[in-house]
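# Notes for the structure review
Take a look at the letters that make up each chain.
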Amino acid sequence: MKGTRGFTLIEIMIVVAIVAILAAVAVPQYNDYVTRSKIIEATSGLAGLRVKMEQCFQDNRSYIVASCPPATYCTVAGAKYFTFSCSNQAAAAYTINADGTASMAGFHYDINQSNARTTTIDGAAASGGWATNATCWVTKKPSTC
């Protein structure tokens, strides 16, 4: 008589349970990793735009719109997850904003002429464990700069 080969139903159920537990841990971690990688677009874009604004100030001794037009100094070509804009643009001051779009909605990053960096998190991003920070750019949970 030959022995039967194969897995029992209990063995298969145990393997499925182990895979489900691993997935329950891995998927949220992966989603956070993807979000952190998208935040780099905002922080690097803002840093680059700040350099452009400072170069404009060196050339014109002013940040006003006529000297530093937002179409040139407040936009990042090819940005997928954030839109960039200038606000409070005056002779001696400016603020550059990066506002999340689509999957990054609720993330808002700012930088000004004093290099003061702020992060505002609202909506679904806030309920996902991300938090606002008035002194730096939040790049990972829990509100770590």
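Source: prediction; values computed, not measured. (Residues numbered from 1 in each chain as written. Predicted model: local features only at pLDDT ≥ 70, side-chain atom pairs only at ≥ 80, totals over all residues. Heavy atoms only, no water.)

On to the overall build of the chain. Looking only at helices and strands, the chain has three helices and four strands in total. Across the chain, helices and strands are ordered from the amino to the carboxyl terminus as α-α-β-β-β-β-α. Rg of the C-alpha trace for the chain: 23 Å, well past the compact-globule value of 15 Å for 145 residues, more than 25% over. Expressed as lengths along the three principal axes of its C-alpha atoms, the size of the chain is roughly 95 × 25 × 20 Å. For the chain, the proportion of its 145 residues judged to be buried stands at 29%. Contacts in the chain between residues at least 24 apart in sequence constitute 39% of all its contacts with a sequence separation of at least 6. Carbon and sulfur atoms provide 62% of the accessible area of the chain, an area that totals close to 8800 Å². Counting 11 positive and 8 negative side-chain charges, the chain places the averaged centre of each group 10 Å from the other. (Helix = DSSP H or I, 4+ residues; strand = E, 2+ residues; numbered from the N terminus. Rg over C-alpha atoms; globule rule 2.2 N^0.38 Å. Buried < 20%, exposed > 50% of the residue type's maximum accessible area, 1.4 Å probe, protein only. Contact = heavy atoms within 4.5 Å. Areas by Shrake-Rupley, 256 points an atom, 1.4 Å probe, with all protein chains shown as cover. Lys, Arg positive; Asp, Glu negative; His and termini not counted. Charge placed at Lys NZ, Arg CZ, Asp CG, Glu CD.)

Leave glycine aside and you will find that most residues have negative phi; peptide bonds, for their part, are mostly trans. Put simply, Lys-141 and Pro-142 share a cis peptide bond, and its omega is -10°. With respect to the helices and strands, the residue Pro-142 is situated in the segment after helix H3 (124-127). Unlike most non-glycine residues, Arg-61 shows phi in positive territory, near 55°. Within the secondary structure, Arg-61 is located in the loop between helix H1 (9-60) and helix H2 (70-73).

The grouping of Leu-9, Ile-10, Met-13, Ile-14, Ile-18 and Leu-22 at the surface amounts to a nonpolar patch, some 640 Å² of accessible area in total. Residue position: Ile-10 is located in helix H1. (Patch = residues over 30% accessible without salt bridge, like charges linked within 9 Å, V, L, I, M, F, W, Y side chains within 5 Å. Salt bridge = Lys/Arg side-chain N within 4 Å of Asp/Glu carboxyl O.)

One open sheet holds the four strands; their spatial order is E1-E2-E3-E4, and the pairing between them is antiparallel. Edge positions in the sheet fall to strand E1 (82-87) and strand E4 (117-121), since each has one partner strand and no second. Strand-to-strand, the axes of this sheet are offset by a mean angle of 20°, without reference to chain direction. Sheet topology note: the E1/strand E2 (residues 95-100) ladder contains six bridges and is antiparallel. Across the sheet, Phe-82 pairs through a bridge with Gly-100, a residue of E2. (Pairing = 2+ DSSP bridges. Axes fitted to C-alpha atoms, helices over the stretch in contact; angles between N-to-C directions.)

It is worth spelling out the environment of Pro-142 at this point. Looking at Pro-142, the relative accessible area reads 66%, which means it is exposed. Through-space distance from the C-alpha of Pro-142 to that of Asp-122 is 14 Å; in sequence the pair is 20 residues apart.

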